[in-house]
Amino acid sequence: MTFTGLVGATFMLPLRAIIATCVRFRIHPNLLTLIGVLINIAAACALGLGHFVTAGAIMTLANIFDFIDGKVATELKLSSEFGGFWDSVMDRFSDISLFIGLIYLYSQMGRTDYVMVSALAMMFAILTSYTRARAESLVVKCKVGFMERPERIVLFMIGAFTNRMAAVLWVILVLSVATVFARIYYTWRALNDPEMTGAAA
Amino acid sequence: MMRPERDLPMPFRAIWHALYWQFERATWQYDVMVILILAFVWLTPPDWLGDPTARDAGPISWLARWLAGR
């Protein structure tokens, strides 16, 4: 087993218990999604005030809700097209909230450079999901690029808990730019490269 | 048509694969990428990035202090 596989399996143990509890009380997955967003907005406020460790703790709680909603929907047989749509839209709310928290913090500190880094990272984070959604209306699957939402969220938490948000923002920015261009290139190839014509929808 | 994943020489091919990422999570390639990212985040001195919020040299200084205290 790989290192990241082991970390994932370790975190799955307590999450299974939480999922089982939600299933037992038949908590609707769309409600879990909404609670996750509201908690993420609280994390964004903590980021905006520069309380990074508090923000990290709140983000951890929020992301438990984010992670379990899909699993609870499957277990309760409540998966629906609207649920997927709702989840995607709420994920964007959460992402943008966290970036706005940082933009507010850096603007209060008079650091225009990091306001720009945060704003660009936010732009490319949104484009990461948009390019995939749009590409998958043209090709079967467009799952290229490293910086997807789970990676971004874990990086945010690492940045908050260890007070290394600047380095984290640079990583998110550079790899989000790479992911967006990878998706554009992949889609172009899927539509034009004879070797990849099977990937076109 | 040029295919960078096949036509580029090393180390450019490795850089291409890192940017044009097509590996799954929990693979050895994913582990390597995670280690590189964590090394950058924790080992880069905050001054180099002009970090507005970092208050010390971070985990590397904590480790140095812990080793010095032993």
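Trainee: Account for the overall build of chain A, naming residues and giving values.
Mentor: Across its full length, chain A holds seven helices and zero strands. Counting helices and strands in the order they occur from the N terminus, chain A gives α-α-α-α-α-α-α. Taken over C-alpha atoms, the radius of gyration comes to 18 Å for chain A, in line with the 17 Å a tight globule of 201 residues would show. Its C-alpha atoms give chain A principal-axis dimensions of about 50 × 50 × 35 Å. For chain A, the residues scored as buried account for 40% of the 201 residues in total.

Trainee: Before we move on, can you summarise the overall build of chain B with the specific residues and values?
Mentor: Looking only at helices and strands, chain B has five helices and zero strands in total. The N-to-C order of helical and strand elements in chain B reads α-α-α-α-α. The C-alpha atoms of chain B give 18 Å as radius of gyration, which overshoots the globular expectation for 70 residues (11 Å, by more than 25%). Its C-alpha atoms put chain B at 55 × 25 × 20 Å along the principal axes.

Trainee: Would you mind going over the interface of chain A and chain B in detail, with residue names and values included?
Mentor: Each partner contributes to the interface: chain A provides 29 residues, whereas chain B provides 28 residues. Of all elements in the fold, only helix H1 (3-24), helix H5 (112-135) and helix H7 (165-192) of chain A reach the threshold of two or more residues within the side of chain A that touches chain B. Top contributing element to the side of chain A that touches chain B by residue count: H7(A), with nine residues. Looking at the side of chain A that touches chain B residue by residue, the classes come out as 17 nonpolar, eight polar and four charged.

Trainee: Provide a residue-level description of the environment of A:Thr187, including the pertinent values.
Mentor: All names here are of chain A. By the element assignment, Thr-187 lies in helix H7. With 50 residues separating them in the primary sequence, Thr-187 and Ser-137 have C-alpha atoms 10 Å apart. Contact partners of Thr-187, with chain neighbours within four places excluded, come to Ala-135, Leu-138, Val-139 and Cys-142.

Trainee: Tell me what's going on with the packing of helix H4 (residues 81-108) of chain A against H5(A), and back it up with residues and numbers.
Mentor: Residue and element names in this part refer to chain A. The interhelical angle for the contact between H4 and H5, taken along N-to-C directions, is 170°, at an axis separation of 8 Å. Classified by the interaxial angle, the pair formed by H4 and H5 is roughly antiparallel. Here Arg-92, Asp-95, Ile-96, Phe-99, Leu-102, Ile-103, Tyr-106 and Ser-107 of H4 lie close against H5, whose contacting residues are Tyr-114, Val-115, Ser-118, Ala-119, Ala-121, Met-122, Ala-125, Ile-126 and Ser-129. Classifying every residue of the contact of H4 with H5 by side-chain character gives twelve nonpolar, three polar and two charged.

Trainee: Give a detailed account of the environment of B:Ala57, specifying residues and quantitative values.
Mentor: All names here are of chain B. For Ala-57, the position within the fold is in the loop between helix H4 (46-49) and helix H5 (59-69). Under the C-beta neighbour-count criterion, Ala-57 is labelled partly exposed, with 15 such atoms within 10 Å. Considering only alpha carbons, one finds Ala-57 and Pro-45, twelve residues apart in sequence, at a separation of 6.0 Å.

Trainee: If you had to explain the nonpolar core to someone new, which residues and values would you point to?
Mentor: Residues A:Ala43, A:Ala121, A:Val168 and A:Ile172 are the most contacted members of the largest nonpolar core, which totals 55 residues. For this core, the secondary structure elements donating two or more residues are H1, helix H2 (29-48), helix H3 (52-75), H4, H5, helix H6 (149-161) and H7 of chain A together with helix H3 (28-43) of chain B. Excluding anything up to four places from it in sequence, A:Ala121 contacts A:Phe99, A:Leu169, A:Ile172, A:Leu173 and A:Ser176.

Trainee: I'd love a proper account of unusual backbone geometry, names of residues and values included.
Mentor: Residue and element names in this part refer to chain A. Even without glycine at this site, Lys-77 takes up a positive phi of about 55°. For Lys-77, the location among the structural elements is in the loop between H3 and H4. On the neighbour-count criterion, Lys-77 (7 C-beta atoms within 10 Å) is exposed.

Trainee: Can you explain the confidence of the model for chain B? Please cite residues and give values.
Mentor: Residues and elements named next belong to chain B. The predicted model of chain B averages 87 in pLDDT, with 97% of residues at 70 or higher. Within chain B, the element-level pLDDT minimum falls on helix H1 (residues 4-7), averaging 74, and the maximum on H3, averaging 95. Across the predicted assembly, pTM comes out at 0.90 and ipTM at 0.90.

Trainee: Before we move on, can you summarise the confidence of the model for chain A with the specific residues and values?
Mentor: Predicted confidence across chain A gives a mean pLDDT of 93, with 98% of residues reaching 70 or more. Put simply, H1(A) is where chain A has its lowest mean pLDDT, 90, and H5(A) is where it has its highest, 97.

Trainee: With reference to specific residues and values, describe H6(A).
Mentor: Residues and elements named next belong to chain A. With 13 residues, H6 should cover 18 Å at 1.5 Å per step; its first-to-last C-alpha distance of 18 Å lies within 8% of that length. Buried residues in H6 make contact with H3, H4, H5 and H7. Residue Asn-163 follows H6 closely and has a positive phi angle near 55°.

Rules used in this analysis
- Residues numbered from 1 in each chain as written.
- Chains lettered and ligands numbered in written order.
- Predicted model: local features only at pLDDT ≥ 70, side-chain atom pairs only at ≥ 80, totals over all residues.
- Helix = DSSP H or I, 4+ residues; strand = E, 2+ residues; numbered from the N terminus.
- Rg over C-alpha atoms; globule rule 2.2 N^0.38 Å.
- Buried ≥ 20, exposed ≤ 12 C-beta atoms within 10 Å, placed from the backbone.
- Contact = placed C-beta atoms within 7 Å.
- Nonpolar A, V, L, I, M, F, W, Y, C, P; charged D, E, K, R; others polar.
- Axes fitted to C-alpha atoms, helices over the stretch in contact; angles between N-to-C directions.
- Parallel < 35°, antiparallel > 145°, perpendicular 65-115°, else oblique.
- Core = buried A, V, L, I, M, F, W, Y, C linked by C-beta atoms within 7 Å.
- pLDDT = per-residue confidence, 0-100.
- Expected span 1.5 Å × (residues − 1).

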